[in-house]
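# Residue-level structure breakdown
Here is what each chain is made of, one letter per residue.
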Amino acid sequence: VAQAAGAPTINYGNFINALISFVIVAIVIFLLVKGINRLRQPAEEKKPEAPSTKECPYCHTTIPLKATRCPNCTSQLEGG
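All of the points below concern the structure found in this document. Just so we're clear, the structure is a prediction, and the values are computed from it rather than from any experiment.

When helices and strands are tallied, the protein chain shows one helix and two strands. Across the protein chain, helices and strands are ordered from the amino to the carboxyl terminus as α-β-β. Taking 2.2 N^0.38 as the reference for a compact globule, 80 residues should give roughly 12 Å; the C-alpha atoms of the protein chain span a radius of gyration of 34 Å, well beyond that estimate. Counting only C-alpha atoms, the protein chain reaches 100 × 25 × 15 Å along its principal axes. When each of the 80 residues of the protein chain is scored for burial, the buried share is 8%. For the protein chain, restricting intrachain contacts to residue pairs at least 6 apart in sequence, the fraction spanning at least 24 positions comes to 0%. By element, 63% of the accessible surface of the protein chain is carried by carbon and sulfur atoms, the whole surface being about 7,300 Å².

Rendered as structure tokens:
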């Protein structure tokens, strides 16, 4: 009645309604994103690959696994 007469009013009911709506939408979006992340997680896990390099026992540089001689120190490697 007061609002129809042009008097200023405090509309706390509208504020509470907007607040409850915001909280409900926020919870739904949070649960949706959490569910999507849970589905994506197994696809992102990668199994470790077999090593393709080894370390030279003499100069400690990285060399290919199949190398029989170190290209840096020219040492003959065992078990090539």
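Structure's up, so let's keep going.
Using the criterion set out here, one finds zero disulfides in the structure. Cysteine Cys56 remains unbridged, with the sulfur of Cys59 as its closest cysteine sulfur at 3.7 Å. Assessed through its relative accessible area of 0%, Cys56 is described here as buried. Take Cys73: it sits in no disulfide, and the sulfur closest to it among the cysteines is that of Cys70, at 3.6 Å. Take Cys73: its relative accessible area is 27%, and that puts it in the partly exposed class.

Turning our attention to unusual backbone geometry. Of note in the backbone geometry, His60 takes a positive phi value of approximately 60° without being a glycine. Looking at where His60 falls in the secondary structure, it is placed in the loop between β1 (53-55) and β2 (62-64). One non-glycine residue, Thr74, adopts positive backbone phi at about 55°.

Moving on: the nonpolar core. The nonpolar side chains of a soluble globular protein tend to be buried, and buried together. Membership of the largest hydrophobic core is limited to five residues, which are Cys56, Ile63, Ala67, Cys70 and Leu77. If near-sequence neighbours (up to four positions away) are discounted, Cys56 is found in contact with Thr61, Ile63, Cys70, Cys73 and Leu77.

The rules behind these values
- Residues numbered from 1 in each chain as written.
- Predicted model: local features only at pLDDT ≥ 70, side-chain atom pairs only at ≥ 80, totals over all residues.
- Heavy atoms only, no water.
- Helix = DSSP H or I, 4+ residues; strand = E, 2+ residues; numbered from the N terminus.
- Rg over C-alpha atoms; globule rule 2.2 N^0.38 Å.
- Buried < 20%, exposed > 50% of the residue type's maximum accessible area, 1.4 Å probe, protein only.
- Contact = heavy atoms within 4.5 Å.
- Areas by Shrake-Rupley, 256 points an atom, 1.4 Å probe, with all protein chains shown as cover.
- Disulfide = S-S within 2.5 Å.
- Core = buried A, V, L, I, M, F, W, Y, C linked by side-chain atoms within 4.5 Å.

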